[in-house]
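Chain residues, written in single-letter form:
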Amino acid sequence: MRVRAVTPADADDVFRLLRDFATSHTPERARFTAVTFPALLAAAAAGRAEFLAAEEGGRAVGYVHAARMPTLFAGGTVLELLELTVDSALRGRGTGSGLVRAVLEAAERAGDVEVCVPTRRAADFYRRLDFTETATYLKWAPVG
């Protein structure tokens, strides 16, 4: 397995992985193609995000997306890990951990002061990677 930046050529693999990852939203291919995927590629190119793929056999078998945000409270930028997914058949082989380690290395290179991850289903996974619980994550979404 090799970790590298996501490229436009990864769109089909990333969308396939996204469909399996998303539980609270149903991904729409047209919106993914026209809006969200290009926006993440642009954010990563500008240094506002990390968007990395785990490649095996010439295709993306996992991806991670983390957004970089300037903060006042932390005295610098915080990298928030928002999406991490791996092909279900390949889970448990270290691919997800490899992607997280790549994000942590990128955070160190960028000088981010912390990396955080809001999660409900994967807290034990992140604890094994030395993340500690510090807050409750609340969400508001407009109706409609």
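See the structure above.
(A) Seen up close, the nonpolar core. Formed by 20 residues in total, the largest nonpolar core has its most connected members in Leu81 and Val103. The set of elements that each furnish at least two residues to this core consists of strand S2 (49-56), strand S3 (59-70), strand S4 (77-86) and helix H3 (95-110). In terms of residue count, H3 provides more of this core than any other element does, five residues in total. Grouped together as the second largest cluster of nonpolar side chains are 15 residues, Phe37, Leu40, Ala53 and Ala60 included.

(B) Focus on the pairing of S4. The element S4 is extensively covered by neighbouring structure, given that eight of its ten residues are classed as buried. The sheet contact formed by S3 and S4 spans nine bridges and is antiparallel. Paired with Val64 across the strands is Leu84, a residue of S4. Hairpin connection from S3 to S4: six residues lie between these consecutive antiparallel strands, with Gly75 at a positive phi of about 75 degrees. Looking at chain direction, S4 and strand S5 (residues 114-116) are connected through three bridges and run parallel. Bridge assignment links Glu80 to a residue of S5, and that residue is Cys116. With H3 bridging S4 and its parallel neighbour S5, the resulting β-α-β unit is right-handed.

(C) Spotlight on the packing of aromatic side chains. Summed over all chains, the structure comprises six aromatic pairs. Grouping aromatic residues by their ring pairs yields a cluster made of Phe15, Phe32, Phe37, Phe51 and Tyr63. Sitting over the face of the ring of Phe21, Arg121 holds its NZ or CZ atom 6.0 Å from the ring centroid.

(D) Representation of the sheet that holds S5 within the structure. One open sheet accounts for five strands, arranged S1-S2-S3-S4-S5; its pairing is mixed. Here the strands that pair on one side only, and so sit at the sheet edges, are strand S1 (2-5) and S5. Here the average twist between neighbouring strands, direction ignored, is 30 degrees. For S2 and S3, the ladder comprises eight bridges, and the chain directions are antiparallel. Its bridge partner lying in S3, Glu55 is registered against Ala60. Relative to the sheet, H3 contacts S1, S2, S3, S4 and S5, its axis offset from that of S4 by approximately 160 degrees.

What counts, and at which threshold
- Residues numbered from 1 in each chain as written.
- Predicted model: local features only at pLDDT ≥ 70, side-chain atom pairs only at ≥ 80, totals over all residues.
- Heavy atoms only, no water.
- Core = buried A, V, L, I, M, F, W, Y, C linked by side-chain atoms within 4.5 Å.
- Buried < 20%, exposed > 50% of the residue type's maximum accessible area, 1.4 Å probe, protein only.
- Helix = DSSP H or I, 4+ residues; strand = E, 2+ residues; numbered from the N terminus.
- Pairing = 2+ DSSP bridges.
- Right-handed = clockwise from strand over helix to strand, strands pointing away.
- Phe/Tyr/Trp six-rings, centres within 6.5 Å; stacked < 30°, edge-to-face > 60°.
- Lys NZ or Arg CZ within 6 Å of the ring centre and 35° of its normal.
- Axes fitted to C-alpha atoms, helices over the stretch in contact; angles between N-to-C directions.
- Contact = heavy atoms within 4.5 Å.

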